[in-house]
Amino acid sequence: MAKQKKFILQENQIPTQWYNIQADMLNKPLMPMNPKTMQPATIEELSRIFATECCKQELNITDAWIDIPEEVQEKYRNYRSTPLVRAYGLEEALGTPAHIYFKNESATPLGSHKVNSALPQCYYCKQEGTTNVTTETGAGQWGAALSYAAKVFGLEAAVYQVKITMQQKPYRSAIMRTFGAAVTGSPSMSTRAGKDILTAQPNHPGSLGTAISEAVELATMTPNCKYTLGSVLSHVTLHQTIIGLEAEKQMEMAGEYPDVVIACFGGGSNFGGLAFPFMRHNILEGKTTEFIAAEPASCPKLTRGVFRYDFGDEAGYTPLLPMYTLGHNFKPANIHAGGLRYHGAGTIASQLLKDKMMRGVDIPQLESFDAGMLFARTEGIIPAPESCHAIAAAIREANKCKESGEQKTILFCLSGHGLIDMPSYERYIDGDLQNYNLSDEEIQKNISQLKF
Ligand SMILES: *Cc1c(COP(=O)(O)O)cnc(C)c1O
């Protein structure tokens, strides 16, 4: 019989609850803090910025399972489950005894995992009487997902897109506008935060940090308007656990259980989304699966950052979050994986890293594209530059198996496809991409400016 490659769930097998790892963690994440009072941020304070239900989820450390609203389940069923695929082609090219699987979140209509959280966030906003949503977007994946989800639930969306990626990925703003969103390059002159940044640095290329500041400012200045975030926060990762919960069932269909789970890491939502449902078996049943977060070598908060209270944005509008951080003023090099150019890690992953429940690896830009090219040529999917980091980490693990002869089962998240990132691939193919070395002094310089 031909080997089965692809595992897909029936609609009635799609999970109806998300998994909240905070309930099962032995050491709970530290609380977000209000920088003015230095007291733990309350749901009331947070809900000035975010939908109230999201704030409750953010601070929920007691309920392991959270029901997915019926209306969100219905939208999920438009594109879920995503396939779990055995990467036979990649295994063969590597000559590894390892079994490599990937969870294909690039198969969503918007091309990445981001829509999994955009839908519930817009749903909760609508339920709570909000009419407008704002957000930032780096590579444009989150902005695209949010623009679509806003349209689906009848909300107006305003998106601040990091200026440098607007130039690198011009089609992404066209996608957002197709879904009816208003798109502005950040830093812009339309907000106080943007003006301040541009006055200090007229050629600022923008970062997720600058765009977040602008979107938060607009949300707080506009009536009936909430801000939405596509990564970092615990409720976003909660929504993304649909990925791992499906993958758990699909691995069972494949008759295997992962020894290693890998995902690329920007703020941690696709990583947590895939990893946490499996990590629960490490916590509760003593399984020994390894969890690896692949970050860019030029933005190494997990391996070279410090665990501190820091702001989530450049201007310091957000609550203080306990995170591994390079400092909120850190300006990552202009690598093409825009979604990974973020200075900090989400609070849950930060605590888990501190407790050695997971580890980070740094992938140089050229290695990430080497991996993406091999994957494209063997599996027929052009991966997003972000996802290339996960593939590179999976290849490292598979090569270790080749050396040791171990037959491990490796599972990674293909967080998105790269079809709108072709200018990046062209530059790689033409030999125009480079690695960036980040010195300890540069890292130290930023970290030494942290006030908390
Ligand atoms: C946004 C994005 C990421 C990084 O965000 P996380 O919250 O760390 O998952 C990774 N891959 C793709 C394709 C993205 O769009």
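The structure reproduced in this document is the subject of the present report. Because the structure is a prediction, the values reported are computed rather than measured.

1. A word on the sheet that holds strand β8 (residues 182–186)
Remark on secondary structure: sheet strands pair via backbone hydrogen bonds, oriented parallel or antiparallel.
Link 1 in the chain: The strand order β8-β7-β6-β9 describes an open sheet built from 4 strands, whose pairing is parallel. Unpaired on one side and paired on the other, β8 and β9 (225–227) mark the two borders of the sheet. Averaged over all neighbouring strand pairs, the angle between strand axes comes to 20 degrees, with direction disregarded.
Link 2 in the chain: As defined by bridge partners, strand β6 (residues 132–137) adjoins β9 across 3 bridges and the pair is classed as parallel. By the bridge assignment, N132 is partnered in β9 with C225.

2. Side note on the site of the ligand
Link 1 in the chain: Taken together, 17 residues sit near the ligand, with K114, S231, G266, S269 and S415 positioned nearest.
Link 2 in the chain: Here an oxygen atom of the ligand and a side-chain polar atom of H113 are 3.2 Å apart.
Link 3 in the chain: S231 places a side-chain nitrogen or oxygen 2.5 Å from an oxygen atom of the ligand.
Link 4 in the chain: Contact with the protein chains covers 97% of the free accessible surface of the ligand, which is 380 Å².
Link 5 in the chain: In this structure, the ligand is accommodated by the largest cavity.
Link 6 in the chain: By residue class, the composition of the shell around the ligand is 4 nonpolar, 11 polar and 2 charged.

3. A closer look at the pattern of salt bridges
Link 1 in the chain: The full count for this structure, using the stated rule, is 14 salt bridges.
Link 2 in the chain: The closest approach of N and O atoms between D196 and R192, which form a salt bridge, is 3.7 Å. Remark: R192 and D196 occur in helix α9 (residues 192–200); sequence separation between them is 4 residues, near one turn of the helix.
Link 3 in the chain: By relative accessible area, R192 is classed as exposed at 54%.
Link 4 in the chain: For R359, the salt bridge goes to E290, with nearest N and O atoms at 2.8 Å. With R359 in strand β14 (residues 359–363) and E290 in strand β11 (residues 290–296), this residue pair connects regions lying 69 residues apart in the sequence.

4. Here we look at the pairing of strand β15 (residues 409–414)
Link 1 in the chain: With 6 of 6 residues buried, β15 lies mostly within the body of the structure.
Link 2 in the chain: Of the two faces of β15, the one carrying T409, L411 and C413 and the one carrying I410, F412 and L414 are both buried.
Link 3 in the chain: Judged from the 6 bridges that link them, strand β5 (residues 99–104) and β15 form a sheet pairing that is parallel. From the neighbouring strand, F102 faces β15, where its bridge partner is F412.

5. A few points about helix α12 (residues 269–285)
Link 1 in the chain: Here α12 spans 24 Å end to end across 17 residues, near enough to the 24 Å set by a 1.5 Å rise per residue.
Link 2 in the chain: Along its length, α12 reaches its greatest deviation from straightness, about 45 degrees, at F276, and the proline P277 lies no more than four positions downstream.
Link 3 in the chain: Burial analysis of α12 places 15 of its 17 residues in the buried class, which makes it a mostly covered element.
Link 4 in the chain: Of the residues flanking the end of α12, it is G286, one or two places downstream, whose phi is positive at about 70 degrees.

6. Overview of unusual backbone geometry
Link 1 in the chain: For the peptide bond that leads from R80 to S81, omega is 0 degrees, which places it in the cis range.
Link 2 in the chain: Its place among the elements puts S81 in the loop between α3 (70–76) and β4 (84–86).
Link 3 in the chain: Positive phi values are uncommon outside glycine, yet M38 reaches one of about 55 degrees.
Link 4 in the chain: In this structure, M38 sits in the loop between β2 (17–19) and α1 (43–46).
Link 5 in the chain: Positive phi is not limited to glycine here, since K356 has a value of about 60 degrees.
Link 6 in the chain: Note on placement: K356 falls in the loop between α14 (347–354) and β14.

7. With respect to the sheet that holds β11
Link 1 in the chain: Strand order in the open sheet formed by 7 strands is β1-β4-β5-β15-β10-β11-β14, and the pairing between neighbours is mixed. The sheet is open, and its two borders are formed by β1 (6–7) and β14, each paired with just one other strand.
Link 2 in the chain: Helix α15 (residues 365–379) contacts β4, β5, β14 and β15 of the sheet and is inclined by roughly 90 degrees relative to β14.

8. A look at empty space enclosed by the protein
Link 1 in the chain: Per the counting criterion, the structure on display carries 8 cavities of 30 Å³ or more.
Link 2 in the chain: Within this model, the largest cavity holds a volume of roughly 310 Å³.
Link 3 in the chain: Contributing elements (two or more residues each) for the lining of the largest cavity: β6, α6 (141–152), α10 (208–221), α12 and α16 (385–404).
Link 4 in the chain: Counted by class, the lining of the largest cavity contains 10 nonpolar, 17 polar and 3 charged residues.
Link 5 in the chain: Lining of the second largest cavity is provided by 17 residues; of these, F50, L229, L233, P319 and L321 occupy positions nearest its centre.
Link 6 in the chain: Split into classes, the residues belonging to the lining of the second largest cavity amount to 13 nonpolar, 3 polar and 1 charged.

Quick notes on the rules
Residues numbered from 1 in each chain as written. Predicted model: local features only at pLDDT ≥ 70, side-chain atom pairs only at ≥ 80, totals over all residues. Heavy atoms only, no water. Pairing = 2+ DSSP bridges. Helix = DSSP H or I, 4+ residues; strand = E, 2+ residues; numbered from the N terminus. Axes fitted to C-alpha atoms, helices over the stretch in contact; angles between N-to-C directions. Near = heavy atom within 4 Å. Polar contact = N/O pair within 3.5 Å; in protein donor to acceptor, adjacent residues only side chain to side chain. Areas by Shrake-Rupley, 256 points an atom, 1.4 Å probe, with all protein chains shown as cover. 1 Å grid on protein atoms, 1.4 Å probe; cavity = no way out; pocket = protein on both sides within 12 Å on 5 of 7 lines; lining within 4 Å. Sits in = over half its atoms within 2 Å of the grid points. Nonpolar A, V, L, I, M, F, W, Y, C, P; charged D, E, K, R; others polar. Salt bridge = Lys/Arg side-chain N within 4 Å of Asp/Glu carboxyl O. Buried < 20%, exposed > 50% of the residue type's maximum accessible area, 1.4 Å probe, protein only. Expected span 1.5 Å × (residues − 1). Bend = angle between axes of the 7 residues up to and from the residue. Contact = heavy atoms within 4.5 Å. Points joined across faces, edges and corners; volume = space filled by probe spheres on them.

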